[in-house]
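# Understanding the architecture of this molecule
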Amino acid sequence: MRLGDLLGAEVRGPQDEPVGVVTDVRLEVRRTPASGDAFDLRLVGLLVSRRHTGSLLGYERGHSRGPWLVRTVVRLLHRGARYVPWSEVVSTGPPLRIRSSTALVDRSAR
Amino acid sequence: MTPSSDDIEPTAGSTVDAGLHLLDRQVCDREGRLLCKVDDLELQEAPGEPPAVVAILVGPPALGRRLGGAVGRLVCGVHHRMVSRPDKGPLRIPFTAVRRFRSSVELSVTAEELELGELEAWLRVHLVARIPGADHAAG
């Protein structure tokens, strides 16, 4: 599986209802005491929005910086964007299917 | 950790957004030489575990597939025409070779160990060698 196959992928719920598109993939850094400086990156969740436009600027996420006008426009485009834990993904499709649309986590809480 | 930060220190438990923090970033070797850009990432699934990043994919086959559409086909088509082994696929940099990533991805190996010079080799044979005087040594 490639990251590029996930980015932009259509996301559907258990009743085949459209949920959005994958705008980014969240990875967690994992280290073990025995690994020294080495580390793993594990896929822990997906950022899902109604559209992909402007998402790679990152302005719609968390405490982003940048020109307020661009930030405001991108956040308006991505209002309602959600974080989907990888454990909610049933199949990568296409389309990518998730277990429950109600399990989506509001991205502003992440 | 804030995903929007430009400088990412890969501390245990921290998170990064792959598209924002890794894709299209500059890759540098152990000696700081600029090698390539991160065109895509290869993920490997394991039973009972979330997928792990196992390699950085580099080159037109990776970029073209990621871009998709007419532009992606053009990128792949040009690459197919240029290289001697078009079915070889994208170049892979094992993720175990990544030392850290900040505004760029820093490797723990050198360029020579990664065999990233196929494009340069093609240009040397098909372009530079045809320039009048190319067979004369400098100096």
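Criteria and thresholds
Residues numbered from 1 in each chain as written. Chains lettered and ligands numbered in written order. Predicted model: local features only at pLDDT ≥ 70, side-chain atom pairs only at ≥ 80, totals over all residues. Heavy atoms only, no water. Helix = DSSP H or I, 4+ residues; strand = E, 2+ residues; numbered from the N terminus. Buried < 20%, exposed > 50% of the residue type's maximum accessible area, 1.4 Å probe, protein only. Contact = heavy atoms within 4.5 Å. Areas by Shrake-Rupley, 256 points an atom, 1.4 Å probe, with all protein chains shown as cover. Pairing = 2+ DSSP bridges. Axes fitted to C-alpha atoms, helices over the stretch in contact; angles between N-to-C directions. Parallel < 35°, antiparallel > 145°, perpendicular 65-115°, else oblique. Left-handed = near helix turned anticlockwise from the far one by under 90°. Nonpolar A, V, L, I, M, F, W, Y, C, P; charged D, E, K, R; others polar.

Attention now moves to the overall build of chain B. Secondary structure assignment for chain B yields 4 helices and 8 strands. Each of the 139 residues in chain B was classed as buried or not, and the buried ones make up 40%. Considering only intrachain contacts with a sequence separation of at least 6, the fraction spanning at least 24 residues in chain B is 47%. Summed over all atoms, the accessible surface of chain B reaches about 7,900 Å², with 55% contributed by carbon and sulfur.

Attention now goes to the sheet that holds strand 8 (residues 104-107) of chain B. All names here are of chain B. Strand order in the open sheet made by the 4 strands is 3-2-8-7, with mixed pairing throughout. Of all the strands in the sheet, just strand 3 (34-37) and strand 7 (98-101) have a single pairing partner and so form its edges. Across the sheet, the mean angle from the axis of one strand to that of its neighbour is 25 degrees, orientation sign disregarded.

Our focus in this paragraph is the packing of helix 2 (residues 60-67) of chain B against helix 3 (residues 69-82) of chain B. Residues and elements named next belong to chain B. The interhelical angle for the contact between helix 2 and helix 3, taken along N-to-C directions, is 165 degrees, at an axis separation of 7 Å. By the angle between their directions, the pair helix 2 and helix 3 is classed as roughly antiparallel. Judged by the twist between their axes, the crossing of helix 2 over helix 3 is left-handed. Contacts between helix 2 and helix 3 involve Pro60, Pro61, Gly64, Arg65 and Leu67 on the former and, on the latter, Gly69, Val71, Gly72, Val75, Cys76 and His79. Partitioning the contact of helix 2 with helix 3 into residue classes produces 6 nonpolar, 4 polar and 1 charged.

Distances and angles like these do not, on their own, reveal function.
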